[in-house]
Amino acid sequence: MSVEIRFEPDGPGGLIAEGTYLWAAANRLGLRLPADCEGRGDCDTCAVVVEKGAALLSPLTEAERSHLSPSRLAAGERLACQVKVETEGAVVVRPVPAIARAETSNETVKDVRKEFRQLPLKRKLATLIELEAVTLIQALDAVINVPVMLGEKVMNVMAGRGRTLEQRERAVHHPAEHCPPEPQTVRPEPDLGSQV
């Protein structure tokens, strides 16, 4: 069965199959909804408002409950990557404007680039030096932490071996009744009927 879907305002529309997620439907119809998490339900950037056909859609998911406030849910917002069309009919949705949702990383990068271009030359140089200093500190921090992490792993392995040896030694000194029975292997009976 097919569902008629339309993305407002002036967005594409067309027929999609039941069981199609709104995010996938938008992509198939040529509308690229923003999604920092690429449709995994880890952000709210693909939020849409369901204008018509809410009863045709799947129930709310935990991702929607965690990323959309009760007021946004009450306004009919859903995460396009989490909701699918379950019943045939007509659905009309409208992408939530960027000012009403979290910015995607691409939008943030564009804003930073625009701000950087507008800075005077001296401020640009100071910003670049500051970024280099932050990067250098993070690199040094990573280099310093590598031996510590390696040491922790070695110590964990040694502690695990020590616990195993200690358990074996304790087991040797326990009465046999207190030790768990060893598993017995069952051997299959030979099939004598095929030899006759």
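Here, every reference points to the structure presented above.
Report on the accompanying structure. (Residues numbered from 1 in each chain as written. Predicted model: local features only at pLDDT ≥ 70, side-chain atom pairs only at ≥ 80, totals over all residues. Heavy atoms only, no water.)

Regarding the overall build of the protein
Convention followed: Strands are runs of DSSP state E lasting at least two residues, helices are runs of H or I lasting at least four, and both sets are numbered from the N terminus onward. Throughout, exposure labels follow a simple rule: accessible area from a 1.4 Å probe, protein chains only, divided by the maximum for the residue type, with under 20% read as buried, over 50% as exposed, and the rest as partly exposed. Between two residues, a contact is recorded if the distance between any of their heavy atoms is within 4.5 Å. Values of accessible area rely on a 1.4 Å probe in the Shrake-Rupley scheme; residue burial ignores everything except the protein chains shown.
If you tally the helices and strands in the protein, you get five helices and five strands. Secondary structure of the protein in N-to-C order comes out as β-β-α-β-α-α-β-β-α-α. Within the protein, the fraction of its 196 residues that count as buried is 23%. Restricting to contacts in the protein with at least 6 residues of sequence separation, those with at least 24 account for 62%. For the protein, the computed accessible surface area is about 14400 Å², with 58% contributed by carbon and sulfur atoms.

Considering the sheet that holds strand S2 (residues 13-17)
Condition: Note on pairing: two strands pair once DSSP finds at least 2 bridges between them. The axes used here are C-alpha line fits, helices contributing only the stretch in contact, and every angle between their N-to-C directions lies in the interval 0 to 180 degrees.
Spatial strand order, S2-S1-S5-S3-S4: five strands in an open sheet with mixed pairing. Unpaired on one side and paired on the other, S2 and strand S4 (77-79) mark the two borders of the sheet. The average angle at which neighbouring strand axes cross in this sheet is 40°, direction not considered. Where strand S1 (residues 2-7) and strand S5 (residues 90-95) come together, four bridges link them in parallel fashion. Among the inter-strand pairings, glutamate 4 is bridged to a residue of S5, identified as alanine 90.

Section: the nonpolar core
Let me state the cut-off plainly: We define a nonpolar core as any set of buried Ala, Val, Leu, Ile, Met, Phe, Trp, Tyr and Cys residues linked to one another through side-chain atoms lying within 4.5 Å.
Among the nonpolar cores identified, the biggest contains 26 residues, and Ile5, Leu22, Trp23, Cys46, Ala80, Val91 and Val93 are the most heavily contacted of them. Among the elements of the structure, S1, helix H1 (22-28), strand S3 (47-52) and S5 are those that each provide at least two residues to this core. Once residues lying within four places of it in the same chain are set aside, the contact partners of cysteine 46 are Trp23, Pro34, Ala35, Arg78, Leu79, Ala80 and Cys81.

Quick word on the pairing of S5
One ladder, built from four bridges, connects S3 with S5; its direction is antiparallel. From the neighbouring strand, valine 49 faces S5, where its bridge partner is arginine 94.

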